[in-house]
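An overview of the molecular structure
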Amino acid sequence: MQAAVNVARGRFDIREVEAPVPAPDEALVRVRACAICGSDKHEFQGERPPRVAGHEIAGTIVGFGNSETGGLGEGDAVVVLPLIGCGACPACAAGRFGECPAGQGAVGYSRPGGFAEYVAVPTRNLLPMAPGLSFAKASLAEPAAVGIHAASQTDLTGKHCLTVGAGAIGLLTAQAALCRGAAAVWVADTDATKLEPAEALGLRPLHIGRDALPSQELEVAFECVGRHDAPLATALAALRDGGTLVLVGSGHPGGLNTTDLVARRLTVIGSCGVSVAEMQEAQEWMAAGRIQVQPLLSGTFPLSRFNEAFAASLTGQKVVIEP
Ligand SMILES: [Zn+2]
Ligand SMILES: [Zn+2]
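Note that this is a predicted model, so its numbers are computed, not measured. (Residues numbered from 1 in each chain as written. Chains lettered and ligands numbered in written order. Predicted model: local features only at pLDDT ≥ 70, side-chain atom pairs only at ≥ 80, totals over all residues. Heavy atoms only, no water.)

1. Examining the coordination of the zinc ion (ligand 1)
Coordination sphere of the zinc ion (ligand 1), protein contribution only: Cys37 (SG), His55 (NE2) and Glu56 (OE), at 2.1 to 2.5 Å. Sequence positions of the residues that donate to the zinc ion (ligand 1) give the spacing C-x17-H-E. Of this pair, Cys37 sits in the loop between strand S3 (26–35) and helix H1 (38–44) while Glu56 sits in strand S4 (residues 56–64), and the two are 19 residues apart along the sequence. For the pair Cys37 and Glu56, one class covers both residues: buried. (Donors = N, O, S within 2.8 Å, 3.2 Å for Na, K, Ca; no water. Helix = DSSP H or I, 4+ residues; strand = E, 2+ residues; numbered from the N terminus. Buried < 20%, exposed > 50% of the residue type's maximum accessible area, 1.4 Å probe, protein only.)

Put into structure tokens, the structure is as follows:
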């Protein structure tokens, strides 16, 4: 099969590789859409050992490792929950594979991913694709579920929220916050073009450096950028005392000022991973139009043009590969 393999910083070879063979509890999926994630962009701008990445996947089942099909059948359209658990512990039984103490990484990281024609995935990691979604849209169920997970960390009912970062995760988290009953959600970014879809999504754009922070007291702030201190500082500056900071982004070099946290009685929550239920909910909100991914889709490319797609993803929002 054809697959995109990283060979240098930001460079990929589209080459023939061995198609994966599904293990007994796995299915073989023909990849129909695999979105490039912000983490892929970050990672492959550096040197990495060659591999087939891609973890935001929608496709059709073409075979099974054995008779354990998990109620799925050949030809079924599915989306992939990329986190790999042991399948036996309480966290896995609850569909929270990311919390599995014996977790085995993720599709596209610890095992070959979806920037290829086929991917092998444990059947418990597959969910039927919601009717009404295209494969390209359905490939964004995973990042949408990341937003739902973040918006589920604290009760948002009637609350005024801020999402810092108008990248895909920021805009998806903000929409998920509205789904979770937030009264109003501001989205802040330094890049005005990224804020363009905000109003159509029912969000309030805030151009950092130009607009003042909302005069409204904000009870919850989501930091969806990471790796830089400025977005974290914006989130903290906007939060009212006693408010809640949900960290979706990580790796802030300056860390958190605990004196400030204590003095202002702030709650800090780290949000990581997605569950089966959140993947399902993401698809339902997307199919119902409550979480819109169309404004986040910057383009679709065939696998043969992966290098172009990767370059486009660096300046755009979500770029989807259709192998
Ligand atoms: Zn991702
Ligand atoms: Zn487990």
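From this point on, the discussion continues.
2. Some words on the domain arrangement of the protein chain
Once the domains are mapped, the protein chain shows domain 1 (2–140 + 293–322) and domain 2 (146–270). Spacing between the C-alpha centres of domain 1 and domain 2 amounts to 28 Å. On the side of domain 2, 9 residues touch domain 1, which itself brings 6 residues to the contact. Summing the contributions of domain 1 and of domain 2, the shared interface buries around 670 Å²; its carbon and sulfur component is 68%. Viewed at the interface, domain 2 and domain 1 are joined by 0 salt bridges. Split into classes, the residues belonging to the side of domain 1 that touches domain 2 amount to 3 nonpolar, 2 polar and 1 charged. (Domains from an automatic or database assignment. Contact = heavy atoms within 4.5 Å. Buried area = accessible area lost by both parts, 1.4 Å probe. Salt bridge = Lys/Arg side-chain N within 4 Å of Asp/Glu carboxyl O. Nonpolar A, V, L, I, M, F, W, Y, C, P; charged D, E, K, R; others polar.)

3. Concerning the coordination of the zinc ion (ligand 2)
Cys86 (SG), Cys89 (SG), Cys92 (SG) and Cys100 (SG) make up the full set of protein donors to the zinc ion (ligand 2), lying at 2.3 to 2.4 Å. In this structure, the zinc ion (ligand 2) is coordinated by 4 donor atoms arranged in tetrahedral fashion, with angles at the metal of 103 to 117 degrees. Sequence spacing of the donors to the zinc ion (ligand 2): C-x2-C-x2-C-x7-C. With relative accessibility at 8%, the residue Cys100 sits in the buried group. (Tetrahedral: all angles 85-135°; square planar, octahedral: opposite > 155°, others 65-115°.)

4. A few points about the pattern of salt bridges
Counting across every chain of the model gives 14 salt bridges. Between Glu26 and Arg111 there is a salt bridge, and its shortest N-O distance comes to 2.9 Å. Taken together, the residues span a long stretch of sequence, with Glu26 in strand S3 and Arg111 in the loop between helix H2 (90–93) and strand S6 (118–122) at a distance of 85 residues. Looking at Glu26, the relative accessible area reads 8%, which means it is buried. Notably, a salt bridge pairs Glu99 with Arg96, separated by 2.9 Å at the nearest N-O pair. Residue class for Glu99 comes out partly exposed when judged on its relative accessible area of 47%. Since its relative accessible area comes to 35%, Arg96 is described here as partly exposed.

5. Focus: the side chain of Asn6
As for its placement among the helices and strands, Asn6 is situated in strand S1 (residues 2–8). Of note is the side chain of Asn6, whose polar atom sits 3.1 Å from the backbone oxygen of Arg48. Polar side-chain contacts of Asn6 include one of 2.8 Å to the backbone nitrogen of Arg51. Here Asn6 is in contact with Arg11, Phe12, Phe44, Arg48, Pro49, Pro50 and Arg51, once residues within four sequence places are set aside. (Polar contact = N/O pair within 3.5 Å; in protein donor to acceptor, adjacent residues only side chain to side chain.)

6. Examining the nonpolar core
Residues Val79, Leu156, Leu203, Phe222, Met279, Met286 and Ile291 are the most contacted members of the largest nonpolar core, which totals 55 residues. The set of elements that each furnish at least two residues to this core consists of S3, H2, helix H3 (135–138), helix H4 (141–151), helix H5 (168–179), strand S9 (184–189), strand S11 (218–223) and helix H9 (276–287). (Core = buried A, V, L, I, M, F, W, Y, C linked by side-chain atoms within 4.5 Å.)

7. Concerning the sheet that holds strand S12 (residues 239–247)
Read from one edge to the other, the open sheet built from 6 strands follows the order S10-S9-S8-S11-S12-S13, with strand pairing classed as parallel. Edge strands, defined here as strands with exactly one partner in the open sheet, are strand S10 (204–207) and strand S13 (267–270). Pairwise comparison of adjacent strand axes, ignoring direction, gives a mean angle of 20 degrees for this sheet. Inspection of the sheet shows S11 paired to S12 by 5 bridges, in the parallel sense. (Pairing = 2+ DSSP bridges. Axes fitted to C-alpha atoms, helices over the stretch in contact; angles between N-to-C directions.)

8. Focus: the pairing of S12
In the classification by handedness, the crossover that spans S11, the intervening helix H7 (residues 229–238) and the parallel S12 is right-handed. Pairing of S12 with S13 involves 4 bridges; the strand directions are parallel. Residue pairing in the sheet places Leu245 in a bridge with Val268 of S13. For the segment spanning S12, helix H8 (residues 258–263) and S13, crossover handedness is right-handed. (Right-handed = clockwise from strand over helix to strand, strands pointing away.)

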